[in-house]
Amino acid sequence: DRVVVNQITDTTSATFRVPSGAKSFYMRITGTGAISQTVKVYGTPYPTAVNGVELGTLSLSATANAYDALPVITACFPYYYVITTLSTGTIATGEIYAMY
């Protein structure tokens, strides 16, 4: 596994690659006080973050630390990217890990 994205605000990541085969995406946010963030993971055949197919959504909310993971995905795209939205509170880290 490895961290592929660290986003603490509403934004679209650059594309990244992960090995073929079964994989999951794990998200963790940390911060001060009440924090929340929604993350959508996309697969795309393009080397830029466009025309992706949504593979899953994680909505995190907690005080200081929240985490969750998508179910295993077997789709095989050459590129992946994430879009973070609804970021609230003082988020210190917004890490998305590719688990394979």
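Predicted model, so just to flag it, every value in this text is computed and none were measured.

## Considering unusual backbone geometry
Okay, step 1: A positive phi angle is found at Asn51, which is not glycine, with a value near 55°.
Okay, step 2: For Asn51, the location among the structural elements is in the loop between β3 (24-44) and β4 (53-69).
Okay, step 3: Given a relative accessible area of 59%, Asn51 falls into the exposed group.
Okay, step 4: Within the chain, Ala64 stands out as a residue other than glycine whose phi angle is a positive 80°.
Okay, step 5: Residue placement: Ala64 occurs in strand β4.

## Description of the nonpolar core
Okay, step 1: Core analysis: the biggest nonpolar cluster contains 20 residues, and Val4, Phe16, Phe25, Met27, Ile29, Val82 and Ile96 have the highest contact counts within it.
Okay, step 2: For this core, the elements supplying multiple residues, two or more each, are β1 (2-6), β3, β4 and β5 (79-99).
Okay, step 3: Looking at this core element by element, the count peaks at six residues for β3.
Okay, step 4: When residues no more than four places from it in sequence are discounted, the contact partners of Ile96 are Arg2, Val3, Val4, Val5, Phe25, Tyr26, Met27, Val39 and Val82.

## Let's talk about the pattern of salt bridges
Where charged atoms from two side chains of opposite charge come close, those side chains can pair.
Okay, step 1: Enumeration according to the criterion identifies two salt bridges in this entry.
Okay, step 2: With a closest N to O distance of 2.9 Å, Arg28 and Glu95 form a salt bridge. Within this pair, whereas Arg28 is found in strand β3, its partner Glu95 is found in strand β5, the two being separated by 67 residues in sequence.
Okay, step 3: Overall, the relative accessible area of 25% leaves Arg28 in the partly exposed class.
Okay, step 4: Note that Glu54 is salt-bridged to Lys40, the shortest N-O span being 3.9 Å. In this pair, Glu54 is assigned in strand β4 and Lys40 in strand β3, connecting sequence segments 14 residues apart.
Okay, step 5: Looking at Glu54, the relative accessible area reads 38%, which means it is partly exposed.
Okay, step 6: Its relative accessible area of 29% is what places Lys40 among the partly exposed residues.

What counts, and where the lines are drawn
- Residues numbered from 1 in each chain as written.
- Predicted model: local features only at pLDDT ≥ 70, side-chain atom pairs only at ≥ 80, totals over all residues.
- Heavy atoms only, no water.
- Helix = DSSP H or I, 4+ residues; strand = E, 2+ residues; numbered from the N terminus.
- Buried < 20%, exposed > 50% of the residue type's maximum accessible area, 1.4 Å probe, protein only.
- Core = buried A, V, L, I, M, F, W, Y, C linked by side-chain atoms within 4.5 Å.
- Contact = heavy atoms within 4.5 Å.
- Salt bridge = Lys/Arg side-chain N within 4 Å of Asp/Glu carboxyl O.

None of this, on its own, says anything about what the molecule does.
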